[in-house]
Amino acid sequence: MKTDTLTRPAWDEYFMEMAEVVRKRSTCLRRGVGAVIVLDNRIMATGYNGVPVGIEHCDVRGCLREELNVPSGERHELCRGLHAEQNAIIQAAYLGQSIAGGTLYCTTQPCVICAKMLINAGIRRIVIREAYPDELSDQMLKEAGIQVDVMGDAGE
């Protein structure tokens, strides 16, 4: 009897696929983002971009940033939502999960605000699917010694 060889995804591909699934929960009208924080190949927390608990979602209420014509990457404070990375960090804290030394898998590169939070949360590696134009984020992550790897759509 012949059996097919099971093709298992590499860890990075596996966790990035999970970040893509988490992304589907996003309620952001501009850019859906998913994040998964992993420590020792175990998921510690997940997050997607959206408003805080109990607040009306942007897909119902509308996008404040669109209403104010705020360009992408600017004036992050003019948004009702939190970024996926922020929600993942908050979820870990809420659950009492240490993420120090962990890896963040994120469908989009962290902005500078998220980069600063990830540095202080003790994240040591970030794997992203797509770039985001934020030079200060790049500089700070590099200075902090955080490894950033870009993974293409094919799960490179």
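Residues numbered from 1 in each chain as written. Predicted model: local features only at pLDDT ≥ 70, side-chain atom pairs only at ≥ 80, totals over all residues. Heavy atoms only, no water.

Would you mind going over the nonpolar core with me for this structure?
Of all hydrophobic cores here, the largest spans 21 residues; its most connected members are Ile37, Ile99, Leu104, Ile123 and Ile126. Breaking this core down by element, the ones donating at least two residues are strand 1 (34–39), strand 2 (42–48), helix 4 (84–95), strand 3 (103–108), helix 5 (112–121) and strand 4 (125–130). Take this core: its biggest share by element is four residues, from helix 4. Not counting chain neighbours up to four residues away, the residues in contact with Ile123 comprise Ile37, Ile99, Gly102, Thr103, Leu104, Leu118 and Ile146. Listed in part, the nine residues of the second largest apolar core include Phe15, Met16, Val127 and Met151. (Core = buried A, V, L, I, M, F, W, Y, C linked by side-chain atoms within 4.5 Å. Buried < 20%, exposed > 50% of the residue type's maximum accessible area, 1.4 Å probe, protein only. Helix = DSSP H or I, 4+ residues; strand = E, 2+ residues; numbered from the N terminus. Contact = heavy atoms within 4.5 Å.)

What's the story with the pairing of strand 5 (residues 147–150) in this structure? I'm lost.
Remark: a regular strand shows side chains that alternate across the two faces of the sheet. By the bridge criterion, four bridges tie strand 4 to strand 5 in an arrangement that is parallel. Considered in strand 5, the bridge of Ile126 is made with Val148. (Pairing = 2+ DSSP bridges.)

In this structure, what is going on with the side chain of Asn87? I would like to understand it.
Looking at the secondary structure, you find Asn87 in helix 4. The exposure class of Asn87 is buried, given its relative accessible area of 19%. At a separation of 2.8 Å, a polar atom in the side chain of Asn87 contacts the main-chain carbonyl oxygen of Tyr48. Setting aside its immediate chain neighbours within four residues, Asn87 contacts Thr46, Gly47, Tyr48, Asn49, Gly50 and Leu82. (Polar contact = N/O pair within 3.5 Å; in protein donor to acceptor, adjacent residues only side chain to side chain.)

I'm lost on the packing of helix 4 against helix 5 in this one. Help?
Between two packed helices, the angle of one axis relative to the other and the distance separating the axes together describe the packing. Across the interface, helix 4 lies against helix 5 with an axial gap of 9 Å and an inter-helix angle of 30°. With respect to helix 5, the element helix 4 is oriented roughly parallel. Considering how the two elements wind past one another, helix 4 and helix 5 form a crossing that is left-handed. Of the residues in helix 5, those in contact with Glu85, Gln86 and Ile89 of helix 4 are Ile113, Cys114, Met117, Leu118 and Ala121. Partitioning the contact of helix 4 with helix 5 into residue classes produces six nonpolar, one polar and one charged. (Axes fitted to C-alpha atoms, helices over the stretch in contact; angles between N-to-C directions. Parallel < 35°, antiparallel > 145°, perpendicular 65-115°, else oblique. Left-handed = near helix turned anticlockwise from the far one by under 90°. Nonpolar A, V, L, I, M, F, W, Y, C, P; charged D, E, K, R; others polar.)

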